[in-house]
Amino acid sequence: MSSINYSEKIPNNVDIGGDRTLQRALEHWQPHFLQWWQEMGPSDFASADVYLRTAISVDAQGWAHYGATRMPDYRWGIFLADAVPERKIGFGDAMGQPVWQQVPGEYRSTLRRLIVTQGDTEPASVEQQRLLGHTCPSMYDLRNLFQINVEEGRHLWAMVYLLHAYFGRDGREEAEELLARHSGDADKPRILTTFNEPMSDWLSLFCFTYFTDRDGKYQLKSFAESAFDPLSRTCRFMLTEEAHHMFVGETGISRVVKRTLELMKEIGSDDPARVRAKGAIDLQTLQRYLNFWCSSSLDLFGSEISSNSAGNFASGMKGRPDESQYEDHVLRSSSFKLLTPEGEQEVPTLNALNEVMRESYLKDCEIGVKRWNRMIERAGHALRLTLPSSRFRRSIGPWAGVPVDTTGKMISKEEFEKRLTEWIPSASDKTFVQSLMQRVIEPGRMASWIAPPERGVNNLPVEYEYVHLH
Ligand code: BYC
């Protein structure tokens, strides 16, 4: 196990001190990152002591240390999972050959683009969540938001390290650009659409961490398979941190459902208007938020038919999540049936890998939905939450712009436009949810619309003062 050197300016377990040029380049980027954090990271709270976990080792057992830290003092560092000795490429045309410790010239620009796209999402999400601290539903939640934010910052560092260490001058320029694009910016937006969506309430945060961070899980898992070994090792460790972000999403939505069910019982009604009058989020509104963030996140897998994804797989750059679960790792003689607006098409599986990934992602998304539905069923209600069809509201791929309802049925454009507010949050839904976003900060207290968590962080009580405000 490689230990992390915390005595250096940039904590790391990759011996950046042994490469003066790299060290200088990263130390040059560091103040730019800190300035970006100050300007685009969590608004206010810079002087608050936050109970944060910080990576201290890449060992699965006991990799993190918990303690009160001011966010600007967080030790953002570069941590790669330990190398697997004699690791071989596990898929594609070069399967069985040794993995790459350097970037092969012919894959340089594609790999750079993939790393930049991944890197771009990390600071984008911090920017999207910038104002949420002001309306936290509890101190526990505030702490979780900040934990996610600092770790997304670290994930940016992870990609910037790869750019600096393996892509020379181009990589350094890309690293600067990662701080220059901004979520929602009209002139310099973030690369992927979901990361330009505004996020002005906590229900969106929980949906985002449930659906969008889960796309992160799938993309990182597919890079963990990569023949480019430094990328694989970086992503393997990022996945350790990512799990908490999805936990925040899943338990956040569970707590919203729990609170709503409690209130429905109390008032003896499931009328959305009466639920709202009691200061909770009706399940119909929750469904519309799920539809919005799920459909937006489905686009993040790219087009159903993609020569990019075929090339990335065949060359060894990007595998499928948990590649070892499949039998065929080359996919040169396999085909995949795909439903497009023109009917069923049979395409080479290699060209359908974005869709293969999207399908396994949706299965993973179902797990939480089942759990929430069990809560609703046990409370004696007939309503069931669902995921929208992967054809609904798409902006990428053959279904882009095709009018389809949430079950995937093609409908007329007029009907689609007329009924859209049944399916995704309307302006009045957003105004209502926004009206609930009042800051609750006393330790242990919760906003009216959310139940307390089952337990606190790191075995501490829920009432613990997770954020010490000065
Ligand atoms: N929006 O062949 P296509 C995370 C572009 S989340 C805008 O269909 P390909 C996180 C695409 O770039 C994980 N543009 O797709 C979560 C391409 O452009 P170029 C993020 C899009 O290339 C929460 C063109 O359309 N990681 O970590 O097979 C908080 C045609 O592309 C979109 C990654 O995404 C879109 N939705 O795959 C914090 C991994 N979709 O090159 C963090 C890196 C596609 O023709 N990225 N396009 O100009 C990739 O692996 C791939 O680029 C994609 C697309 C999966 C995104």
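Residues numbered from 1 in each chain as written. Predicted model: local features only at pLDDT ≥ 70, side-chain atom pairs only at ≥ 80, totals over all residues. Heavy atoms only, no water.

### Comments concerning the site of the ligand
Defined as follows: The cutoff for a nearby residue is simple: one of its non-hydrogen atoms must lie within 4 Å of the molecule or strand. The term polar contact refers here to a pair of N or O atoms within 3.5 Å; inside protein, the definition further demands a hydrogen-donor-capable atom paired with an acceptor-capable atom, and it admits residues adjacent in sequence only when both atoms are side-chain atoms. Here, Shrake-Rupley sampling with a 1.4 Å probe gives the accessible areas, and only protein chains in the shown set may cover a residue. Only DSSP runs of H or I with at least four residues qualify as helices, and only runs of E with at least two residues qualify as strands; both kinds are numbered from the N terminus onward.
Around the ligand, 30 residues are found, and the nearest of them are Arg113, Gln118, Ser303, Ser306 and Lys318. For the ligand, an oxygen atom lies 3.0 Å from a polar atom in the side chain of Asn308. Contact with the protein chains covers 82% of the free accessible surface of the ligand, which is 1000 Å². Contributions of two or more residues to the shell around the ligand are made by α2 (108-128), α5 (202-224) and α9 (307-315).

### Details of the packing of α2 against helix α4 (residues 168-180)
As a reminder of what qualifies: Structural elements are reduced to axes, namely lines fitted to C-alpha atoms, with helices fitted over the stretch in contact, and the angle between N-to-C directions of any two is expressed from 0 to 180 degrees. Roughly parallel means an angle under 35 degrees; roughly antiparallel means over 145; roughly perpendicular covers 65 to 115; every other angle is labelled oblique. Crossings are classed by handedness, with left-handed meaning an anticlockwise turn of the near helix from the far one by less than a right angle and right-handed meaning a clockwise turn. Only heavy atoms enter the contact rule, under which two residues are in contact if any of them lie within 4.5 Å. Charged residues are taken to be Asp, Glu, Lys and Arg, nonpolar residues to be Ala, Val, Leu, Ile, Met, Phe, Trp, Tyr, Cys and Pro, and polar residues to be all remaining types, Gly included.
Two elements in contact, α2 and α4, have axes whose closest approach is 10 Å; the angle formed by their N-to-C orientations is 20°. With respect to their mutual orientation, α2 and α4 come out roughly parallel. Between α2 and α4 lies a crossing whose hand is right-handed. Two secondary-structure elements touch here, α2 through Arg108, Arg112, Val116, Gly119, Asp120 and Pro123 and α4 through Gly168, Asp170, Glu174 and Leu178. Here the contact of α2 with α4 is built from residues that sort into three nonpolar, two polar and five charged.

### Here's the deal with the nonpolar core
The tendency in soluble globular proteins is for nonpolar side chains to be buried side by side. Note the cut-off: Here the nonpolar core consists of buried residues drawn from Ala, Val, Leu, Ile, Met, Phe, Trp, Tyr and Cys, with membership extended through side-chain atoms lying within 4.5 Å. The rule is simple: take the accessible area with a 1.4 Å probe, protein chains only, and divide by the maximum for that residue type; under 20% is buried, over 50% is exposed, in between is partly exposed.
By size, the foremost hydrophobic cluster in this structure holds 121 residues, and its most contacted members are Tyr161, Phe211, Val257 and Trp449. Broken down by element, this core gets its largest block of residues, 16 residues, from helix α3 (residues 139-166). Sequence-distant contacts of Phe211, that is, excluding residues within four places in its chain, are made with Leu290, Trp293, Cys294, Ser297, Tyr361, Cys365 and Leu387. Counting residues in hydrophobic clusters, the runner-up holds 11 residues, among them Ala310, Leu331, Leu350 and Ala352.

### With respect to unusual backbone geometry
Even without a glycine there, the phi angle at Asp15 is positive, about 50°. With respect to the secondary-structure elements, Asp15 resides in the segment before α1 (20-40). The backbone of Asp44 sits at a positive phi, close to 65°, despite the residue not being glycine. Inspection of the secondary structure assignment puts Asp44 in the loop between α1 and β1 (49-55).

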